Amino acid sequence: MDLNTKLTVFERMVDIYDRFVDQFDLACKKSCAHCCTANVTMTTLEGYRIISHLEKTGEVNCLEAIARKSHPDRFMPRVSINRMADICARNGDPPEERLNPEAGPCAVLADDACSIYSVRPFGCRCMVSARNCGQTGFADMDPFILTVNDVFLQHLEHIDAQGYTGNFADVMQFLGSEGNRHNYAAGRLGTPPAALLANQPVFVLMIPPEHRERIQALLMQIRSIEV
Ligand code: SF4
Ligand code: SF4
């Protein structure tokens with residue numbers, strides 16, 4: 001699959017997800033930004049889409065600000081979601097992740113609004129809550145949405161299997177280099193740098209037994225995406 005096809009598949013997945021999540025009564029709205037922290041992660045495919053958007057809008061110079069504002073204690077995952085699913089399916093112990101909830105706001109948050117809202121990472125799009133997290137202190141997410149989120153994130157890593165996963169700021173810094181962007185677009189990435197993880201295809205989906213039937217319709221929609 002070439003890069004443009006991957007980007008189109010991703011757009012279709014976003015459409016499917018938005019239609020799915022629209023059925024729920026959510027407290028989320030623009031300018032509600034308690035969930036906009038420096039701990040967001042994403043794939044290189046999403047990073048490439050964001051940088052292409054910034055190039056179109058003439059805002060690509062914000063990459064420098066993202067690098068400058070990136071929190072030193074931001075969340076840096078030790079395993080990707082597909083690797084984690086793989087380890088769990090084999091009854092292994094995934095490495096413990098360390099996340100500092102005080103890592104501060106996301107580098108592209110400005111006046112409580114996301115400056116890249118239309119192309120925000122999927123991890124931001126799927127962070128939803130039935131009640132305002134600012135009042136409750138936590139996200140109130142329907143367990144089925146959690147399962148669907150995992151399945152979408154697993155498929156997203158799958159279509160970007162030749163790419164990397166990492167913290168938003170690290171992926172942006174990596175793709176901020178024209179050479180890295182070129183190699184990524186050409187499908188020529190090698191071993192990831194220390195801050196990033198190599199993606200892998202889906203071997204097993206993380207779907208608890210109680211959601212296996214309910215999720216079938218969504219799985220069919222994802223699998224019937226044609227480009
Ligand atoms: S997840 Fe919570 S903080 Fe984020 S937009 Fe929704 S209600 Fe607001
Ligand atoms: S990218 Fe946008 S939506 Fe995601 S955490 Fe940053 S400001 Fe929030």
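None of the values given here were measured: they were computed from a predicted structure.

Colleague: I keep staring at the overall build of the protein chain and nothing clicks. Help me out?
Modeller: When helices and strands are tallied, the protein chain shows 10 helices and five strands. In summary, the protein chain has a C-alpha radius of gyration of 17 Å against a globular reference of 17 Å for 227 residues, a match within 12%. Expressed as lengths along the three principal axes of its C-alpha atoms, the size of the protein chain is roughly 45 × 40 × 35 Å. Here the analysis covers contacts within the protein chain between residues at least 6 apart in sequence; of these, 83% occur between residues at least 24 apart. Approximately 12000 Å² of the protein chain is accessible, and the part contributed by carbon and sulfur atoms is 50%. Taking the average place of the 22 positive charges on the side chains of the protein chain and the average place of its 28 negative ones, the gap between the two points comes to 2 Å.

Colleague: Please explain the sheet that holds strand β1 (residues 41–43) as it appears in this structure.
Modeller: Hydrogen bonds between backbone atoms are what pair the strands of a sheet, whose relative direction is either parallel or antiparallel. Spatially, β1-β4-β5 is the arrangement adopted by the three strands of the open sheet, whose pairing is antiparallel. Pairing within the sheet leaves two strands with one partner each, and these edge strands are β1 and β5 (197–198). Pairing between strand β4 (residues 164–167) and β5: two bridges, direction antiparallel. Bridge pairing in β5 links T165 to L197. Sitting on the sheet, helix α2 (residues 44–57) is in contact with β1 and β4, with an inclination near 90° to β1.

Colleague: Is there a simple way to explain the site of ligand 1 in this structure?
Modeller: What surrounds ligand 1 is the set C28, C32, H34, C35, M127, V128, S129, R131 and C133. Looking at side-chain class alone, the shell around ligand 1 contains six nonpolar, two polar and one charged residues.

Colleague: Can you walk me through helix α1 (residues 3–21) in this structure?
Modeller: Note on helix geometry: an α-helix contains 3.6 residues per turn, so any two residues three or four positions apart are oriented the same way. Taking 1.5 Å as the rise per residue, α1 with 19 residues should run 27 Å; its terminal C-alpha atoms sit 27 Å apart, in good agreement. Among the residues making up α1, those that are buried are L3, K6, L7, V9, F10, M13, V14, I16, Y17, F20 and V21. N-cap assignment for α1: the residue whose side-chain oxygen lies 3.3 Å from the backbone N of N4 is D2.

Colleague: When you look at the environment of G58 in this model, what are you seeing that I'm missing?
Modeller: Following the sequence through the fold, G58 ends up in the loop between α2 and α3 (62–69). Sequence separation between G58 and L109 is 51 residues; the distance between their C-alpha atoms is 18 Å.

Colleague: What exactly am I supposed to notice about the pattern of salt bridges here?
Modeller: Pairing between side chains becomes possible if they bear opposite charge and their charged atoms approach one another. Going through the model one piece at a time under the given rule, you end up with nine salt bridges. In this structure, R49 and E11 form a salt bridge, with 2.7 Å as the shortest nitrogen-oxygen distance. Note that R49 is positioned in helix α2 and E11 in helix α1, a separation of 38 residues in sequence. Salt bridges sharing common partners tie together R83, D86 and R90.

The rules behind each value
Residues numbered from 1 in each chain as written. Chains lettered and ligands numbered in written order. Predicted model: local features only at pLDDT ≥ 70, side-chain atom pairs only at ≥ 80, totals over all residues. Heavy atoms only, no water. Helix = DSSP H or I, 4+ residues; strand = E, 2+ residues; numbered from the N terminus. Rg over C-alpha atoms; globule rule 2.2 N^0.38 Å. Contact = heavy atoms within 4.5 Å. Areas by Shrake-Rupley, 256 points an atom, 1.4 Å probe, with all protein chains shown as cover. Lys, Arg positive; Asp, Glu negative; His and termini not counted. Charge placed at Lys NZ, Arg CZ, Asp CG, Glu CD. Pairing = 2+ DSSP bridges. Axes fitted to C-alpha atoms, helices over the stretch in contact; angles between N-to-C directions. Near = heavy atom within 4 Å. Nonpolar A, V, L, I, M, F, W, Y, C, P; charged D, E, K, R; others polar. Expected span 1.5 Å × (residues − 1). Buried < 20%, exposed > 50% of the residue type's maximum accessible area, 1.4 Å probe, protein only. Polar contact = N/O pair within 3.5 Å; in protein donor to acceptor, adjacent residues only side chain to side chain. Salt bridge = Lys/Arg side-chain N within 4 Å of Asp/Glu carboxyl O.

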